[in-house]
Amino acid sequence: MIIEKKNTQIIAVIALVVSMIFWSISGIAIKQALTILPPLTLIVMRFTPSVLLMLVIGLMCRKSELFSLQRVSRRDLPLFIAAGFCQPFLYYLLEVFSYSALNSPTIAEALLSTSPLLAPLFAAVLLRERVTRNNIIGVLISTIGMLLLILVGSSDFAIGSYWGVLLAFAAVSAAIMDTILMRKIPDRYNPLTIIFYAQTVSLLFFYPLWWWKEGGSDFRFLIFDERFSNYELLTALGCVAYLTVFASVIAFILFCYALRRVGVTQANAFNNIRPAFTALWMLLFFGEQMPVAKWIGMVLIILGLFVCQKQEKLKKY
């Protein structure tokens, strides 16, 4: 029993690390795609095919327990609707406005990376989830490393509108609420079913907003707009394809799988390694150098995750 639990823990950690790797690249892909695509158009182009892809997988794997699309009961439907509203819809919406309201993208990224700090509070209050001393110490160590990684070497620390700060924390709260809602969904539903319905619900909110804000963004401009070269168009579409398959389907399913096995606090702690992986990709593929303080930050992030995952021994009386 103990060995089985430990194996489950190892698989969950691997799933979390892989999902964070995929999401760490998604920031670079989003930045590249936004050079051509409006924000809401990018979101719609990203999540519409991801929902269709999951639908195809679910229909092709009807006999599989892991990859079949299960029927959702009316009693559980409100949880799926609330989860889809919190994320992707509300989180991505608040994230976009927070970036526009804050002067520094660095400050925005730092604020949006605070979910590991807030997750234990949400989990303890709403789920009665036990938060251990190791969880708290590990999250604090990892967060210090994350701040070193993001803030060291940045030249612009002007905050800008304080509404931007509030919107960033609202976005983080929406993301944490999404993890709590996914944890509350009964265990009989597999991760593919949960993510499929959550993203489908989010699109029902996104489509009207997209049509109103960006006029439906006629996709034909991608082909006929002479301002963009074929290379730029193909790069943008390649980024959208990556976001669809790896960031919106595989990463979300892996995170959902792990979340339901290790809990909200430990799963959210892994969000701190996303900036570390992003910095590593920028170094490897774009030659962006990192000062010593950023390497120290990466070490602290990894150390904090080890501490966070360490099980405390029960005291004998």
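Look a little higher up for the structure.
Residues numbered from 1 in each chain as written. Predicted model: local features only at pLDDT ≥ 70, side-chain atom pairs only at ≥ 80, totals over all residues. Heavy atoms only, no water.

**What to know about the overall build of the protein**
Working step 1: A count of helical and extended segments in the protein gives 13 helices and zero strands.
Working step 2: The secondary structure elements of the protein, listed N-terminal to C-terminal, are α-α-α-α-α-α-α-α-α-α-α-α-α.
Working step 3: The buried share among the 317 residues of the protein stands at 48%.
Working step 4: Considering only contacts within the protein whose residues lie at least 6 apart along the sequence, 88% involve residues at least 24 apart.
Working step 5: Within the structure as shown, the protein displays about 16,900 Å² of accessible surface, and the carbon and sulfur contribution to it stands at 69%. (Helix = DSSP H or I, 4+ residues; strand = E, 2+ residues; numbered from the N terminus. Buried < 20%, exposed > 50% of the residue type's maximum accessible area, 1.4 Å probe, protein only. Contact = heavy atoms within 4.5 Å. Areas by Shrake-Rupley, 256 points an atom, 1.4 Å probe, with all protein chains shown as cover.)

**Description of the side chain of T244**
Working step 1: Structurally, T244 is set in helix α10 (residues 230-262).
Working step 2: For T244, a relative accessible area of 6% translates into the label buried.

**Looking at the packing of helix α6 (residues 133-151) against helix α12 (residues 273-286)**
Packed helices, taken two at a time, are described by the angle between their axes plus the distance between the axes.
Working step 1: Close contact between α6 and α12 brings their axes to 9 Å; oriented N to C, the two are set at 35°. You can see that α6 and α12 cross each other, and the crossing is left-handed. Residues M146, L149 and I150 of α6 touch α12, and the partners they reach there are P275, A276 and A279.
Working step 2: A per-class count over the contact of α6 with α12 returns six nonpolar, no polar and no charged. (Axes fitted to C-alpha atoms, helices over the stretch in contact; angles between N-to-C directions. Left-handed = near helix turned anticlockwise from the far one by under 90°. Nonpolar A, V, L, I, M, F, W, Y, C, P; charged D, E, K, R; others polar.)

**Quick notes on the packing of aromatic side chains**
How two aromatic rings sit relative to each other is set out by the distance from centre to centre and by the angle between their planes.
Working step 1: A complete count under the given rule lists 16 aromatic pairs for this structure.
Working step 2: Measuring from centroid to centroid gives 5.2 Å for F80 and Y189, while their planes differ by 85°, and the two rings are edge-to-face. In this pair, F80 sits in helix α3 (residues 77-101) while Y189 sits in the loop between α7 (162-184) and α8 (191-214), placing the two residues 109 residues apart along the sequence.
Working step 3: Residue classification places F80 among the buried residues on the basis of a relative accessible area of 1%.
Working step 4: A relative accessible area of 4% places Y189 in the buried class.
Working step 5: Note on F89 and F206: the rings are 5.0 Å apart at their centroids and 65° apart in plane angle, and the pair reads as edge-to-face. Linking F89 in helix α3 with F206 in helix α8, this pair joins segments that are 117 residues apart in sequence.
Working step 6: For F206, a relative accessible area of 0% corresponds to the buried category.
Working step 7: Three or more aromatic residues joined by ring pairs make a cluster, and in this case those are F80, Y189, F196 and Y197. (Phe/Tyr/Trp six-rings, centres within 6.5 Å; stacked < 30°, edge-to-face > 60°.)

**Looking at the environment of M177**
Working step 1: Structurally, the position occupied by M177 is in helix α7.
Working step 2: C-alpha of M177 to C-alpha of L126: the two residues are 51 residues apart in sequence and 9.3 Å apart in space.
Working step 3: If we ignore the near neighbours within four places in the chain, the residues touching M177 are C86, F122 and L126.

**Overview of a nonpolar patch on the surface**
Working step 1: On the surface, L77, I81, F85 and F205 cluster together into a nonpolar patch covering about 300 Å² of accessible area.
Working step 2: For the nonpolar patch, the element with the highest residue contribution is α3, accounting for three residues.
Working step 3: If you trace the backbone, I81 turns up in helix α3. (Patch = residues over 30% accessible without salt bridge, like charges linked within 9 Å, V, L, I, M, F, W, Y side chains within 5 Å. Salt bridge = Lys/Arg side-chain N within 4 Å of Asp/Glu carboxyl O.)

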